[in-house]
Amino acid sequence: GDSVTQMEGPVTLSEEAFLTINCTYTATGYPSLFWYVQYPGEGLQLLLKATKADDKGSNKGFEATYRKETTSFHLEKGSVQVSDSAVYFCALSDPPSGSARQLTFGSGTQLTVLP
Amino acid sequence: DTGVSQDPRHKITKRGQNVTFRCDPISEHNRLYWYRQTLGQGPEFLTYFQNEAQLEKSRLLSDRFSAERPKGSFSTLEIQRTEQGDSAMYLCASSFDSPRTTEAFFGQGTRLTVV
């Protein structure tokens with residue numbers, strides 16, 4: 001079945017540091033890939049997505065590139081801020097169209113950014 | 001309509017009692033999903049509705065769980081004879097069925113504690 005493996009946390013960085021959170025996946029089809037973020041006390045929010053190989057999703061300074069050859073979708077940000085402290089979830093939807101399109105999530109990575 | 005809302009936000013119940021949660025999706029969304037999230041894990045898919053029809057159920061959804069979406073709008077998730085293992089965050093999400101988008105919007109969840 002489908003699965004998502006995320007870099008284990010927690011991750012603690014200083015403000016303005018470079019962030020990478022690794023995500024790899026296994027899927028039977030050709031999935032769409034997502035990063036969701038969960039700020040303290042809030043629901044999951046879509047951060048970015050990519051629907052086909054070599055697509056780059058980007059939002060709020062975060063980027064991730066859909067790499068089919070390595071089945072990866074690593075999240076990066078060049079300079080993190082304290083306000084980026086949250087839990088980040090990598091997820092896939094397979095198949096991307098037709099049926100339920102439910103999401104399969106990784107276990108999440110807690111990011112703490114220190115001032 | 002500002003998003004997906006869930007009620008209650010928190011529920012503490014004694015083992016063996018029945019509980020019911022409500023989800024109000026974004027009004028124009030025809031798909032509605034229930035997920036369960038345990039501490040330190042990503043959300044796991046439970047079931048989904050397209051309009052009022054429940055089209056898929058996960059193996060995680062035991063016979064003690066039932067979900068309804070009677071008029072294709074709000075949904076309820078009932079757990080009968082609760083067990084301590086049911087303690088989790090129950091998340092609702094909704095989306096609009098379109099070939100061009102797979103974005104699901106999540107509510108803030110209902111946190112269930114079974115004592």
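See the structure printed just above.
Residue indices begin from 1 for each chain and proceed along its sequence in written order. Naming scheme: in the order in which they are written, chains are lettered from A and ligands are numbered from 1. Only residues with pLDDT of at least 70 get local features here, since the model is predicted, and only at 80 or more are side-chain atom pairs given and counted; chain-wide, interface and lining totals rely on the full set of residues. Side-chain measures were taken over the full set of non-hydrogen atoms in the model, leaving aside hydrogen atoms and water.

Undergrad: Explain the pattern of salt bridges here, please?
TA: For side chains of opposite charge, pairing can occur when their charged atoms come near one another. Just to be clear on terms, a salt bridge is a Lys or Arg side-chain nitrogen sitting within 4 Å of an Asp or Glu carboxyl oxygen. Within this structure, the stated rule accounts for 7 salt bridges over all chains. One salt bridge in this structure joins Arg67(A) and Asp54(A), with 3.9 Å as the shortest N-O distance. Placement of Arg67(A) in the loop between strand S8 (62–65) and strand S9 (75–77) and of Asp54(A) in the loop between strand S6 (44–50) and strand S7 (56–59) is noted, with a sequence separation of 13 residues between them. For Arg67(A), a relative accessible area of 36% gives the class partly exposed. A salt bridge links Glu63(A) to Lys56(A), with the shortest nitrogen-to-oxygen separation between them at 3.6 Å. Classification of Glu63(A) as partly exposed rests on a relative accessible area of 34%. Three or more residues joined by partner-sharing salt bridges are found here, namely Arg64(B), Glu83(B) and Asp86(B). Numbering of helices and strands runs from the N terminus; a helix is a DSSP stretch of H or I covering at least four residues, while a strand is a stretch of E covering at least two. Three exposure classes are used, based on accessible area relative to the maximum for each residue type with a 1.4 Å probe and protein chains only: buried under 20%, partly exposed in between, and exposed over 50%.

Undergrad: I'm lost on the packing of aromatic side chains in this one. Help?
TA: Aromatic ring pairs are reported here in terms of the distance separating the ring centres and the angle at which the planes meet. Stacked, tilted and edge-to-face are the three classes applied to pairs of Phe, Tyr and Trp rings, where Trp contributes its six-membered ring and a pair requires centres within 6.5 Å; stacked means planes under 30 degrees apart, edge-to-face means over 60, and tilted covers the rest. Using the criterion set out here, one finds 15 aromatic pairs over all chains in the structure. Grouping aromatic residues by their ring pairs yields a cluster made of Phe34(A), Tyr36(A), Phe89(A), Phe105(A), Tyr33(B), Tyr35(B), Phe45(B), Tyr48(B) and Phe106(B). Against the face of Tyr30(A) rests Lys68(A), its NZ or CZ located 5.4 Å from the ring centre. Only when the NZ atom of a Lys or the CZ atom of an Arg is both within 6 Å of the ring centre and within 35 degrees of the ring normal do we say a charge sits over the ring. It is Arg22(B) that lies over the ring of Phe74(B); its NZ or CZ is 3.9 Å from the centre.

Undergrad: What exactly am I supposed to notice about the sheet that holds strand S3 (residues 19–21) of chain A here?
TA: Working definition: the strands of a sheet are paired by backbone hydrogen bonds and lie parallel or antiparallel to each other. Residue and element names in this part refer to chain A. A sheet is described by the order of its strands in space; here 4 strands give the open sequence S3-S9-S8-S7, paired in antiparallel fashion. Of all strands in the sheet, those with a lone pairing partner are S3 and S7, marking the two edges. Across this sheet, the average inter-strand angle for adjacent strands is 15 degrees, counted without regard to direction. Should DSSP find at least two bridges between two strands, the strands are taken to pair. Across 4 bridges, the pairing between S7 and S8 is antiparallel. Paired with Lys 56 across the bridge in S8 is Thr 65. Inter-axis angles, ranging from 0 to 180 degrees, are taken between N-to-C directions of lines fitted to C-alpha atoms, where helices are fitted over the stretch in contact.

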